[in-house]
Every structure is written in C-alpha cells, then in structure tokens.
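# Descriptive structure summary
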Amino acid sequence: MNIGQVTWTASSVVEHFIDIEEVVGSIPTPSTMCYLYVLQSLKNQTYYVGSTNDLKRRLDEHKSGQSNYTNKILPIKLVFKQKFSTLQLARKAELWLKRQKSKTLIVQIINDGKISKQF
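## Some details on the pairing of strand E4 (residues 47–52)
Burial analysis of E4 places five of its six residues in the buried class, the great majority of the element. As paired elements, strand E3 (residues 34–41) and E4 share six bridges and run antiparallel to each other. The residue of E4 that forms the bridge with Val38 is Val49. Connecting E3 to the antiparallel partner E4 that follows it, the hairpin turn spans five residues, and Gln45 within it adopts a positive phi of roughly 65 degrees.

## A short note on the pairing of E3
Judged by how many residues are buried, E3 sits mostly within the fold: eight of eight residues are covered. With burial as the criterion, each face of E3 is covered, one bearing Cys34, Leu36, Val38 and Gln40 and the other bearing Tyr35, Tyr37, Leu39 and Ser41. The sheet contact formed by E3 and strand E5 (residues 76–84) spans eight bridges and is antiparallel. Counterpart to Tyr37 in the pairing with E5 is Lys81.

## What to know about unusual backbone geometry
Cis geometry marks the peptide bond from Leu74 to Pro75; its omega dihedral reads 0 degrees. One non-glycine residue, Gln45, lies in positive phi territory at about 65 degrees. Residue position: Gln45 is located in the loop between E3 and E4. A relative accessible area of 38% means that Gln45 is categorised as partly exposed.

## Thoughts on the nonpolar core
By size, the foremost hydrophobic cluster in this structure holds 13 residues, and its most contacted members are Leu36, Val38, Val49, Phe80, Leu97 and Ile109. Among the elements of the structure, E3, E5, helix H3 (87–100) and helix H4 (103–112) are those that each provide at least two residues to this core. Core analysis: the second largest hydrophobic core is formed by eight residues, Leu39, Tyr48, Leu55 and Ile73 among them.

The rules we used
Residues numbered from 1 in each chain as written. Predicted model: local features only at pLDDT ≥ 70, side-chain atom pairs only at ≥ 80, totals over all residues. Heavy atoms only, no water. Buried < 20%, exposed > 50% of the residue type's maximum accessible area, 1.4 Å probe, protein only. Helix = DSSP H or I, 4+ residues; strand = E, 2+ residues; numbered from the N terminus. Pairing = 2+ DSSP bridges. Core = buried A, V, L, I, M, F, W, Y, C linked by side-chain atoms within 4.5 Å.

The structure is reproduced here in structure tokens:
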C-alpha cells in the first residue's frame, strides 16, 4: 500500500499507526475502530441499534438529544458495543440486527457480549 511517498506492508501500517488518534484518509487505525452499538432507554426500556466510526462522539450526540429517535426515549445508556475493522462491516451488522426485529436476539447478544455471526 502506498501512503504519500512511502510503501507500507500491512504489518508495518499497524505498527506505525498504533499511536495515531485519528483516521488518515480512509484507513481505520486500531484507535479508530468502528462499532456496532446498542443503547437502552431508561425511560421505556426500548433498544436502539446503531453503528459509527466515533463511538464517543455518537454517544454524546444521542445523550444531548441530537438524534431524532433517541431524543424521544432519553435518558439512555450504552448496553453493548462490538468493534469492527471497517464501518462497512459495522453497518452490515447493524442492518442485519435491525432486520431480525427481535428484542430476544438483542438481549441474547447483550448477555453473550458479542455477535457471533460473521459479516
């Protein structure tokens, strides 16, 4: 892979980007992994499933009422998160979970601490 004028191997990219705090181009680094997350309303116990490449920012947006759906069910808490290497994979997992339309499955995933399905 060429980044600027330097040629990197996959392992050297990981080694050199280990301390970088932001995404360089579209290359996710270990500190900027993408997430599928589940929020639970403390108001009515409903769940919200989402994905993001910046979990802290997205949670702040939800908690401050900037999300159209979650601002109706505040307060909320993060009950599950799972890392993915790309936002595309996190979004695939999000869409898959939403299409299941199963509160039982969401509870099972929260209890298991992971989504076992490969994306």
